[in-house]
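So you can see what is in the structure, the chains are spelled out below.
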Amino acid sequence: MKYIEIANAFKVFFAYKYFGAKRENIVLVYADESSTLNAYKQLKFLLGKRSDNELLYFPSKDVLPYDRISPSTKISAERARVLSVLSNSKSAKIIVTNAANLIVKLPSPEIFKDEVLKIKVGENIDRERLINFLFKAGYNRTATAFDVGDFAIKGEIVDIVCSQYKAYRINNAWDKIVSMRLYDVNSQLSGNSVDNITIMPASEILHHQQMIANFKSNFLKVFGVNHINSEIYQAIIAGQKFHGYEQLIPLFYDTMVEIYDYLNNYVVIYDSLVLQSMKETSYQYQEYYQSRVDANKINKEFFYFALLPENKIDDVEKQIRVFNNNKLTVSDETIGEYSSINLGETLKKENKTIAQKLFLIINEYKEKVPVIFCSSISNLKKIEYFVKEAKLTPNKITSFDQIKNNQINITATFLSENIISDNYLYIADYVFLGSEFKPQGYNKTKRQIKKILLETDGIKEGQLIVHKNYGIGRFIKIEPIKVDNVNHDCLKIIYADDDILYLPVENIELVKKYGEGEAILDKLGSLAWQRRKSSLKNRI
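The rules behind each value
- Residues numbered from 1 in each chain as written.
- Predicted model: local features only at pLDDT ≥ 70, side-chain atom pairs only at ≥ 80, totals over all residues.
- Heavy atoms only, no water.
- Axes fitted to C-alpha atoms, helices over the stretch in contact; angles between N-to-C directions.
- Helix = DSSP H or I, 4+ residues; strand = E, 2+ residues; numbered from the N terminus.
- Parallel < 35°, antiparallel > 145°, perpendicular 65-115°, else oblique.
- Contact = heavy atoms within 4.5 Å.
- Nonpolar A, V, L, I, M, F, W, Y, C, P; charged D, E, K, R; others polar.
- Pairing = 2+ DSSP bridges.
- Left-handed = near helix turned anticlockwise from the far one by under 90°.
- pLDDT = per-residue confidence, 0-100.
- Core = buried A, V, L, I, M, F, W, Y, C linked by side-chain atoms within 4.5 Å.
- Buried < 20%, exposed > 50% of the residue type's maximum accessible area, 1.4 Å probe, protein only.
- Polar contact = N/O pair within 3.5 Å; in protein donor to acceptor, adjacent residues only side chain to side chain.

(A) Fine view of the packing of helix H9 (residues 272-298) against helix H11 (residues 316-325). For the pair H9 and H11, interaxial distance at closest approach is 10 Å and the crossing angle is 170°. By the angle between their directions, the pair H9 and H11 is classed as roughly antiparallel. When H9 is examined against H11, the residues Leu275, Met278, Lys279 and Ser282 are found in contact with a partner set consisting of Val316, Glu317, Gln319, Ile320, Phe323 and Asn324. Of the residues belonging to the contact of H9 with H11, the class tally is five nonpolar, three polar and two charged.

This is the structure in C-alpha cells:
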C-alpha cells in the first residue's frame, strides 16, 4: 500500500497518469462529496470507454450518522454495486470516494462474493429462483418498478430497476427467458433489446436467513430482551425493511472491514483536507451518538437503537498514523507534465469581447491543443457560440480520445483550475465567462431558489408537495440552516403533528408538486406513505 499526497488540482490527472503506467488499484479521495463527483466525471472523460471497466464511484450515504431515515435507494444500490464489483473482479480499478468512506465500516468482501445473477436470453431460469434472489439482494417488490431497487411482476413480465441508468424488462415465460429489454422508468415504455444482463445487490444488507439470524442474536446481546417488541426488531426478523435500519448494519454480519480490504495492491491519492475530513467524520459520529443516548434518557417512547461509534467506524487516529507512516513525497517531476497556469495576465490586456479573449489565449498557446471544460451544458453552448464568433472550429467531445488537434475542443466536464501539459491546454470555462460562472458550492439567493421552484414545478409557498421518501407535506418557505457555521438554504416542509423536514435545495429533485386540492399530511417516519406510494405515482 502507498499513500500519495498531492495538491487538489492535480489529483485527477496524476491518478490518470499513474493508473496508465502502473495498473494498480487507486483510491482517489476527496474531502467532500461534490469534489468527489466532479473528479469521477473528469476521470470518466479522460478514460473514455475504458471507464466502464476501470472506474468506480463509491458515494457516501446521504444521511447523517444515527439518522432515523434510510439513504436514497439510488445511493444504496450504487454502493452495493461497487462492493460487488470489487468482490468479484481481479482487474485494477480507480475508486473515487469521499474521506468518510475510509473510516466507515463495511461488510466483508466474502458477503458479496458470487452474489450476482447473470441472465441470458434463451436460458432456463426458475421464476421463484429469480424472485428469491431479488428479495435476498435487497430489492423491493412494488406494483410498478419505478425507483432504483424496485422490481415488479406482471404476469410473465418481471421489471427490475438495477441503477439510475439501467432498468430491465424480462419476459420469463414458462421459466425460460424469452426476451429482455431496457425500459424507461418514467414512461414505462420498453426500449432496446439486450442479450444478457448481470443483476447485483441493491443494498449492503443482504436478506439471507443467516444475516437475519445474526441480527436477531446480536440485537439481543446489545439491547437486551426488553426491546423485542419494537417495530424495527419485529420488521427485520420477519425479513422486512425498516426506515433507518441501515444504521444497524454491523448487527447483520460477523465481521466488518475497511474499503481497503476489498483491494490487493493499492495506492491512496489524497490531499491535506482529506485527513481533516476524516477527523470531522469521526467527531460527528461521536457527537450524534451521545445525542441519541441523551435523548433516550429523556424520551423512552421514541427509543433509538444506537450502536457504539467503534462498531460503525474505524479508529481515525490509527488510520491517520498509517497515512503519515506510509506517505510518499511527490515532487513536481513526479507529477510530470501537468502544472497550473494563470491565464489572467493574458486577459488583462485592453477590453476585449469574450470571442477576442478566447482567440488571444488560443493564439498565445498555439503549440498546445486546447480543451475547454464547461461546468454545465448551458455554459458549453455559450462557449461554442463564442468559439464560432472567433472564427474558430468547435469540437464538442465527451471523452479524451475524441480530441482533435486542429480544433477547439469543448466538453461538459467540470474543471476547477487551468492546467497546462506537454501537449494540451486545459481551460476552465470561467476564464471566459467570468468568476460568477465558477462553481463555488450552492450559493443561490432565496429569490433565485424560489424562481427555480416556480419555473420547474410551479411550487409556491403554502402548497402541498410530495417527497419521494416521506410523502405529502406542505412547503412553507426557503430557510437558511446553519451547519458547522455555514448557512445551507433548505426547503422548510411541514408534516403531520407539525413535524418539520428541512430539505437542502441541492436535493430539490426529491420533491414534486402534489397537484390540485388538499390532502392529509403524512407523518414523518411512518410507513403509511410507502404503502400508498404506488397508488399516488400518477399524481407525482
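(B) Representation of the sheet that holds strand S3 (residues 55-58) in the model. Spatially, S3-S4-S2-S15-S1-S16 is the arrangement adopted by the six strands of the open sheet, whose pairing is parallel. Looking at strand neighbours, the two that pair on one side only are S3 and strand S16 (327-328), the edges of this open sheet. In this sheet, strand S4 (residues 94-98) lies alongside S3 in parallel orientation, the contact comprising four bridges. Note that in S4 the partner of Phe58 across the bridge is Thr97. Strand contacts of helix H1 (residues 11-22): strand S1 (2-5), strand S2 (25-30), S4 and strand S15 (266-270), with the helix running at about 175° to S2, the strand carrying the most contacts.

(C) A look at the packing of H1 against helix H2 (residues 33-47). Running from N to C, H1 and H2 point in directions that differ by 40°, and their axes come no closer than 10 Å. Overall, the two elements H1 and H2 adopt an arrangement that is oblique. The element H1 and its partner H2 pack so that their crossing is right-handed. Residue-level inspection shows Val12, Phe13 and Tyr16 of H1 in contact with H2, the latter providing Ala39, Gln42, Leu43, Leu46 and Leu47.

(D) Examining the sheet that holds strand S11 (residues 176-183) more closely. The strand order across the open sheet formed by six strands is S7-S8-S9-S10-S11-S12, and the pairing between neighbours is mixed. Looking at which strands have only one partner, the edges of the open sheet turn out to be strand S7 (140-141) and strand S12 (190-193). This element, helix H6 (residues 127-136), spans S7, strand S8 (150-154), strand S9 (157-161) and strand S10 (167-173) of the sheet and lies at about 155° to S8.

(E) The arrangement of the confidence of the model for the protein chain in detail. Of the residues in the protein chain, 88% have a pLDDT of 70 or more, and the chain-wide mean is 87. In the model, residues 534-540 has pLDDT below 50 throughout and makes 14 contacts with residues more than four positions away in sequence or in other chains.

(F) Layout of the nonpolar core. Counting residues in hydrophobic clusters, the biggest one holds 59 residues, and the most contacted among them are Ile26, Leu28, Leu43, Val96, Ile372 and Tyr426. The next biggest cluster of nonpolar side chains, apart from the first, holds 51 residues, and it includes Val82, Met200, Met211 and Tyr270.

(G) Looking closely at the environment of Asp314. Mapped onto the elements, Asp314 comes out in the loop between helix H10 (309-312) and H11. Asp314 sits 210 residues away from Val104 along the chain, and the two C-alpha atoms are 6.3 Å apart. In this structure Asp314 touches Ile103, Lys105, Glu258 and Gln319, once residues within four positions along its chain are discounted. Only 3.5 Å separates the side chain of Asp314 from the side chain of Gln319, close enough to count as a polar contact.

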